[in-house]
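Chains, contacts and geometry: an overview
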Amino acid sequence: MRNPNTDILDVLERSDMIQFNGEYARPEYLFVPEEDAPSHPDDVVLELSMESAEEDFTLAELENAKPLGEGAYLLENRGLLRCLSSFILH
């Protein structure tokens, strides 16, 4: 069972904005599969369009992210992803 306070997929679902390696973006696409629904590790679950690039994230990348606290996650070989809500932004 996922922990809604630390599981990156649950935190992403509640986010208003994402910061990835210092750039801010709103998710262009976000798909959070149900826990008991069939899914594949290579499924793209998050797409971001930023000023410098477009980034896609797979289910495996996000599930293997290391939580750092306060909505921040370290993605192996990718960098730092932070989930921000309007509460934090104000």
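Residues numbered from 1 in each chain as written. Predicted model: local features only at pLDDT ≥ 70, side-chain atom pairs only at ≥ 80, totals over all residues. Heavy atoms only, no water.

Now for the confidence of the model for the protein. In the predicted model, the protein carries a mean pLDDT of 88, and the fraction of residues at 70 or more is 89%. When mean pLDDT is compared element by element in the protein, strand 7 (residues 72–75) scores highest at 97, while helix 3 (residues 86–89) scores lowest at 58. (pLDDT = per-residue confidence, 0-100. Helix = DSSP H or I, 4+ residues; strand = E, 2+ residues; numbered from the N terminus.)

The subject of this paragraph is the sheet that holds strand 5 (residues 54–58). Taking strand neighbours across the sheet as the criterion, the three strands line up as 3-4-5 in an open arrangement whose pairing is antiparallel. What marks the edges here is a single partner per strand, and that holds for strand 3 (27–30) and strand 5. Ignoring which end each strand starts from, the neighbouring axes of this sheet average 10 degrees apart. Pairing of strand 3 with strand 4 (residues 44–49), which is carried by three bridges, proceeds in the antiparallel orientation. The partner of L30 across the bridge, within strand 4, is L46. (Pairing = 2+ DSSP bridges. Axes fitted to C-alpha atoms, helices over the stretch in contact; angles between N-to-C directions.)

By the definition in use, this model includes one aromatic pair. Each ring, one from F20 and one from F57, has its centre 5.1 Å from the other, and the planes form 85 degrees; the classification is edge-to-face. Within this pair, whereas F20 is found in strand 1 (residues 17–20), its partner F57 is found in strand 5, the two being separated by 37 residues in sequence. Note on accessibility: F20 and F57 belong to one class, buried. (Phe/Tyr/Trp six-rings, centres within 6.5 Å; stacked < 30°, edge-to-face > 60°. Buried < 20%, exposed > 50% of the residue type's maximum accessible area, 1.4 Å probe, protein only.)

This paragraph deals with the environment of D16. Position of D16 among the secondary structure elements: in the loop between helix 1 (8–13) and strand 1. On the basis of relative accessible area, D16 is assigned to the partly exposed category, the value being 30%. For the pair D16 and L84, spaced 68 residues apart in the sequence, the C-alpha separation amounts to 6.0 Å. When residues no more than four places from it in sequence are discounted, the contact partners of D16 are R26, P27, L84, S85 and S86. (Contact = heavy atoms within 4.5 Å.)

Another point: the nonpolar core. Grouped together as the largest cluster of nonpolar side chains are 20 residues, with contacts concentrated most on I8, L12, F57, L62 and L81. Considering each element in turn, this core owes the most residues, four residues, to helix 1. When neighbours within four sequence positions are excluded, I8 is seen to be in contact with L62, A65, Y73 and L81. (Core = buried A, V, L, I, M, F, W, Y, C linked by side-chain atoms within 4.5 Å.)

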